[in-house]
Amino acid sequence: MNQRNATSKPNGKPAGTLGTFAGVFTPSILTILGIILFLRLGYVVGSAGLGRALLILLLANGISVLTTFSLSAVATNLKVKGGGDYYLISRTLGMEFGGSIGIVLYLAQSVSIAFYCIGFGEVAAALLGGGHPLMPQIVAATAVVFLFVFAWLGADVATRFQYVVMTVLGLALISFFAGGLSRWDATLLTANWSTPVSAPPFWFIFAIFFPAVTGFTQGVSMSGDLKDPGRSLPRGTFSAVGLSIVVYFLAAVVFAASLDQRDLISDYRAMQRVAAFDFLITAGVIAATLSSAMASFLGAPRILQSLAADRIFPFLIFFAKGTGPSDNPRRGVLLSAAIALITVALGNLNLVAPVVSMFFLVSYGLLNYATYFEARTASPSFRPRFRWFDRRASLAGAVACLAVMVAIDPVAGIVALAVLFAIHQYLKRTAGPARWADSQRSYHLQQIRQHLIAAAAEPEHPRYWRPQILLFSDDTDRRGRLLTFASWIQGESGFTTVVRILEGRGPKMLKDREEAQFDLQKTIRNNGIDAFPLVITAPNMNQSIQTLVQASGIGPVRANTILMNWIEKSPRPSSRYLEVLFSRNLRTVHRFGCNIILLAAEADKWERMAVEEEGQRRIDVWWWADATSRLMLLLAYLITRSQPWQEAKIRVIASKKESSPTEALENLQKTIEEVRIDAEAHIVPMLDADTLIEESADAALVFIPFQIRNDRPLDPFGGILEETIFTLPACALVMAAEDIDLEAEPEEGKAADIAGALDAVAEAENRVRLAEKEFESTASAFESIKGNLQRMLSDPTNVRDEAGLSALMKEVSGAEEKLGKAHRRFLREKTKADDAAREAEALGATLIDKKTEDGEPAK
């Protein structure tokens, strides 16, 4: 998306004022070049050896680089607002993921303020010497209050304080490198390359160092205060990460070339021993702790403010309000200060610290995954201006974060993931409808595309049949019942499209269409049914219905069933399009291959069915052993998948016909068992309207076949359908347009036909090859005999040998005859192979040209 500096944000808040250096680079670099650099890097080099130490730096910074690539891609694809990581993740993965990571990131950063201040307190207490045992906590609390003042005044004032801190850090590093160069010992460097004896495990040392690289997204938290986040975030973060990598790698080499491994392991103040001016290192430690705490003090309230502004957690809305022209989140600053002071008062942070580190790792992993997720949707809206992005790098970053979590502390990782999962599930149940467009819909649409293409590549088979329903309803009062019935016969396996057709012309129809669409959506939503609304306008009702039935669907998902209400007899005029459908289009729709289901369930019958106990319900299926009977039995089974019908019984009713009642019952029961449907067979002496009414009077639902004569629906006995169903309970009148083989085996169907055709092609081509070889062999023999004859004729001495010449002529003649037969056999086999190939292609098979060993087509 195009991003430009503006005087105000789209939500009406003032635009940020910070640039790349002040808003992103400074807080990021000050957090990365923290206390690990000054007090623990020497231990890492001494304990692991320089070789392994550089590997640890490479792995840890690799996660930073991969995540920065992902961050740059997302940040240049969105107009980034306040909230940093939370904003980017929530606008990609949705409010559930964003809300869960947002709340834990806020808490983690607020607790981190206390971590850094306690580190400062310990250094200050050591410098002061002796004193009260609570001195580190007292100094830490004082530092929290001191930093609170800068955070309260706003990002501009706090950034000026960070410039002072950066100057001190820079001087400390210059002092260290200057001292290291003066103490450089190449022999010591070589000795320190290898890992010492009895060294701690690799991942233990990695866990000590890894917190050093977790601050590179501090600048991201300042996104709401930036003039141009899309430009500043990638540039500032890459610059901070790149510079920190150079500093850490050079510092590790200087440590290895300056001090013995034992000194590096035992003395946490090794940097002071190397530096030209040791007091600058002490100042650097203090500056590093305070700068990291300041960055967290600035970032945490802004995450909370963005989270509150999105109204995901109602109890946080109070913190959405900012102060002043920069919308400084002072309420969040107060809460963060309170959390930090409480954490300082607790004193023992060893229990909480690993989990907090895991929260940062999870945020990096989710940021990487969110970028990969966005790219994988192939959405046309994903157009990052950052050119060096590859979704595989984002996936690698997400996997690396997960692997590091497991390697560093599996227990803390599981606790962190469990907390996130719990918040995610809470939001999933309470957050309500989405407040913004994330990438979830794009993901689903891309999955639909891929699955439809894959399904279309597979040939049709009865096992794949699912009800794809076009539901026609123009009666608001009865539409709810029809929707519910459609959800039953879907059996959680098909789709239902609710259709309304508005007949007319002119601009007014557009408004009528919008109103009808809204009405359908409201009805579907109120009934809690999974269905799609469709309203179309057309000047001609008759043509529109026929066109809709043929065109509905996409790819292999095509409408195969028409569902509508039976027309009630009432003083009110019937629906116009139902009259048309019944009088002129039922048979046409049937010829287009759509099954027809008419639901005859007036309000009193529907109510009687609804109040019947679930365990007492019975579905009657009247069986004629035809396509409609098989469809009705399948629909009855699909209904029993729905919760209200799970305990219902299915009864299949048929007549004895020519056989005895016992034999007819056994045959019917055997048929039911073969199609694997739990149903009871029932035989009646005769199939007529009176028997139907008598047998099914106490059923909850009755499936009855119907027929169409002279554009009028009739009962299966040729009688008037209205009279037959008048006294019956709720009925589903069915006429099948396709014969669904309920006993179809996997080896049957079009796939099996194609496989057989391809086998026939392969066999025919094999016979062609054999005939070709035979022809070539015969031709070679013929040429050999023909050559012998020519040599005999060219020798005058052999001309007088009439007997020999006659025998050779006969041999040539016989060889020529064999050659002709071989050629004719080859042509016959070639013709058969071509015919087999055409038959296979007619079935939809894809033929692959055969190749010879040298790559040329077989002749």
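Residues numbered from 1 in each chain as written. Predicted model: local features only at pLDDT ≥ 70, side-chain atom pairs only at ≥ 80, totals over all residues. Heavy atoms only, no water.

### Remarks on the pairing of strand 8 (residues 618-622)
Alright, step 1. Across the five residues of strand 8, five count as buried, placing the element largely inside the fold.
Alright, step 2. On strand 8, burial covers both faces: Arg618, Asp620 and Trp622 on one face and Ile619 and Val621 on the other are all buried.
Alright, step 3. In this view, the connection linking strand 8 to its parallel neighbour strand 9 (residues 649-655) by way of helix 24 (residues 627-639) has right-handed handedness.
Alright, step 4. Looking at chain direction, strand 8 and strand 11 (residues 701-705) are connected through three bridges and run parallel. Following the sheet pairing, Asp620 is matched in strand 11 by Val702. (Buried < 20%, exposed > 50% of the residue type's maximum accessible area, 1.4 Å probe, protein only. Helix = DSSP H or I, 4+ residues; strand = E, 2+ residues; numbered from the N terminus. Right-handed = clockwise from strand over helix to strand, strands pointing away. Pairing = 2+ DSSP bridges.)

### Quick look at the pattern of salt bridges
Alright, step 1. Tallying each qualifying case throughout the model produces 18 salt bridges.
Alright, step 2. Here Arg262 makes a salt bridge to Asp260, at a shortest N to O gap of 3.2 Å.
Alright, step 3. Residue class for Arg262 comes out exposed when judged on its relative accessible area of 66%.
Alright, step 4. Here Asp260 falls in the partly exposed class, since its relative accessible area comes to 27%.
Alright, step 5. A salt bridge links Arg838 to Asp835; the nearest nitrogen and oxygen atoms lie 2.2 Å apart. On the criterion of helical spacing, the pair formed by Arg838 and Asp835 is a turn pair, its members being three residues apart in helix 30 (residues 802-842).
Alright, step 6. Shared partners join several salt bridges into a network, and the residues in it are Arg618, Asp620, Arg651, Glu695 and Asp698. (Salt bridge = Lys/Arg side-chain N within 4 Å of Asp/Glu carboxyl O.)

### Considering the sheet that holds strand 11
Alright, step 1. Spatially, the 10 strands line up as an open sheet ordered 3-2-1-6-7-14-11-8-9-10, and their pairing is mixed. Both outer strands of the open sheet, strand 3 (532-538) and strand 10 (680-684), are each paired with one neighbouring strand and no more. Averaged over all neighbouring strand pairs, the angle between strand axes comes to 25°, with direction disregarded.
Alright, step 2. The strands touched by helix 20 (residues 508-527) within the sheet are strand 2 (495-503) and strand 3, with strand 3 carrying the most contacts at an inclination of about 160°. (Axes fitted to C-alpha atoms, helices over the stretch in contact; angles between N-to-C directions. Contact = heavy atoms within 4.5 Å.)

### Describing unusual backbone geometry
Alright, step 1. The phi torsion at Arg311 lies on the positive side, around 60°, for a residue other than glycine.
Alright, step 2. By the element assignment, Arg311 lies in the loop between helix 13 (278-309) and helix 14 (330-346).
Alright, step 3. Assessed through its relative accessible area of 41%, Arg311 is described here as partly exposed.
Alright, step 4. At Ala625, a position not held by glycine, the phi torsion is positive, near 60°.
Alright, step 5. Of note, Ala625 is situated in the loop between strand 8 and helix 24.

### Comments concerning the packing of helix 6 (residues 135-153) against helix 14
When two helices pack together, their arrangement is given by the angle between their axes and by how far apart the axes lie.
Alright, step 1. Closest axis-to-axis distance for the helix 6/helix 14 pair is 10 Å, and the angle between their directions is 175°. In this view, helix 6 runs roughly antiparallel relative to helix 14, as classed from their interaxial angle. On helix 14, the residues that touch Gln137, Ala140, Ala141, Val144, Phe148, Ala151, Trp152 and Leu153 of helix 6 are Arg330, Val333, Leu334, Ala337, Ala340, Leu341, Val344, Ala345 and Leu346.
Alright, step 2. Its residues placed into classes, the contact of helix 6 with helix 14 shows 15 nonpolar, one polar and one charged. (Parallel < 35°, antiparallel > 145°, perpendicular 65-115°, else oblique. Nonpolar A, V, L, I, M, F, W, Y, C, P; charged D, E, K, R; others polar.)

### Brief notes about the environment of Asp739
Alright, step 1. When you line up the elements, Asp739 lands in the loop between strand 14 (731-735) and helix 28 (750-794).
Alright, step 2. C-alpha separation for the pair Asp739 and Ile720, spaced 19 residues apart in sequence, amounts to 26 Å.
Alright, step 3. For Asp739, the contacting residues outside a window of four places in its chain are Ala627 and Arg630.
Alright, step 4. Separated by 2.9 Å, the side chains of Asp739 and Arg630 make a polar contact. (Polar contact = N/O pair within 3.5 Å; in protein donor to acceptor, adjacent residues only side chain to side chain.)

### Quick notes on the nonpolar core
Alright, step 1. Among the nonpolar cores identified, the biggest contains 138 residues, and Leu37, Phe38, Leu88, Phe209, Tyr248, Met294 and Phe297 are the most heavily contacted of them.
Alright, step 2. Here the element with the most residues in this core is helix 5 (residues 95-128); it accounts for 15 residues.
Alright, step 3. Ignoring anything within four residues of it in the chain, the contact list for Phe209 reads Ile36, Leu41, Val44, Ile56, Leu57, Ala60 and Tyr248.
Alright, step 4. Counting 57 residues, the second-largest nonpolar core is a separate cluster that includes Trp465, Leu631, Ile639 and Ile740. (Core = buried A, V, L, I, M, F, W, Y, C linked by side-chain atoms within 4.5 Å.)

### As for the environment of Leu41
Alright, step 1. Residue placement: Leu41 occurs in helix 3 (residues 41-75).
Alright, step 2. Here Leu41 falls in the buried class, since its relative accessible area comes to 0%.
Alright, step 3. Between the C-alpha atoms of Leu41 and Leu264, which are 223 residues apart in sequence, the distance is 8.8 Å.
Alright, step 4. Contacts of Leu41, omitting those with residues within four sequence positions, involve Ile36, Leu57, Phe209, Tyr248, Ala251, Ala252 and Phe255.

### Some points on the packing of helix 19 (residues 476-490) against helix 23 (residues 603-611)
Alright, step 1. At a closest axis distance of 12 Å, the pairing of helix 19 and helix 23 adopts a crossing angle of 45°. As far as their axial angle goes, helix 23 and helix 19 are oblique. The hand of the helix 19/helix 23 crossing is left-handed. Contact with helix 19, carried on its side by Arg481, Thr484, Phe485 and Trp488, involves Ala603, Trp606 and Met609 of helix 23 and no other residues of that element. (Left-handed = near helix turned anticlockwise from the far one by under 90°.)

### Here's the deal with the environment of Thr67
Alright, step 1. Relative to the assigned elements, Thr67 resides in helix 3.
Alright, step 2. Distance from Thr67 to Leu173, taken between C-alpha atoms, is 26 Å for residues 106 residues apart in sequence.
Alright, step 3. For Thr67, the residues in contact, after removing those within four places along its chain, are Phe216, Tyr364, Leu367 and Asn368.
Alright, step 4. For Thr67, the side chain forms a polar contact with the side chain of Asn368, separated by 2.8 Å.

### Here we look at helix 20
Alright, step 1. Compared with an ideal rise of 1.5 Å per residue, which puts 20 residues at 28 Å, helix 20 spans 29 Å between its outermost C-alpha atoms and is within 8% of the ideal.
Alright, step 2. Among the residues of helix 20, Met509, Ala516, Gln517, Leu520, Thr523 and Ile524 are the ones counted as buried. Seen along its axis, helix 20 keeps its buried residues to an arc of 130°; they face one direction. Among the exposed residues of helix 20, those oriented more than 90 degrees off its buried face are Lys508, Lys511, Glu514, Phe518, Arg525 and Asn526.
Alright, step 3. Close packing links the buried residues of helix 20 with helix 19, strand 2 and strand 3.
Alright, step 4. Of the residues one or two after helix 20, Gly528 is the one with positive phi, at around 65°. (Expected span 1.5 Å × (residues − 1). Arc of directions from axis to C-beta.)

### Quick notes on the layout of surface pockets
Over the atoms, a rolling probe the size of a water molecule traces out where space has been left empty.
Alright, step 1. For the largest pocket, the calculated volume is near 1,500 Å³.
Alright, step 2. What lines the largest pocket is a set of 50 residues, among which Ile35, Ile36, Arg40, Phe115 and Pro211 lie closest to the centre.
Alright, step 3. The set of elements that each furnish at least two residues to the lining of the largest pocket consists of helix 1 (20-32), helix 2 (35-39), helix 5, helix 9 (202-209), helix 12 (270-274), helix 13 and helix 15 (353-376).
Alright, step 4. The element best represented in the lining of the largest pocket is helix 5, accounting for nine residues.
Alright, step 5. Partitioned by chemical class, the residues of the lining of the largest pocket number 32 nonpolar, 14 polar and four charged.
Alright, step 6. Estimates place the volume of the second largest pocket at around 1,300 Å³.
Alright, step 7. Together, 35 residues line the second largest pocket, and Gln468, Phe495, Pro556, Val557 and Arg558 are the ones closest to its centre.
Alright, step 8. Among the elements of the structure, helix 18 (440-456), strand 1 (468-472), strand 2, strand 3, strand 4 (553-554) and strand 5 (557-558) are those that each provide at least two residues to the lining of the second largest pocket.
Alright, step 9. The biggest single contributor to the lining of the second largest pocket is helix 18, with five residues.
Alright, step 10. Here the residues of the lining of the second largest pocket are counted per class, giving 19 nonpolar, nine polar and seven charged. (1 Å grid on protein atoms, 1.4 Å probe; cavity = no way out; pocket = protein on both sides within 12 Å on 5 of 7 lines; lining within 4 Å. Points joined across faces, edges and corners; volume = space filled by probe spheres on them.)

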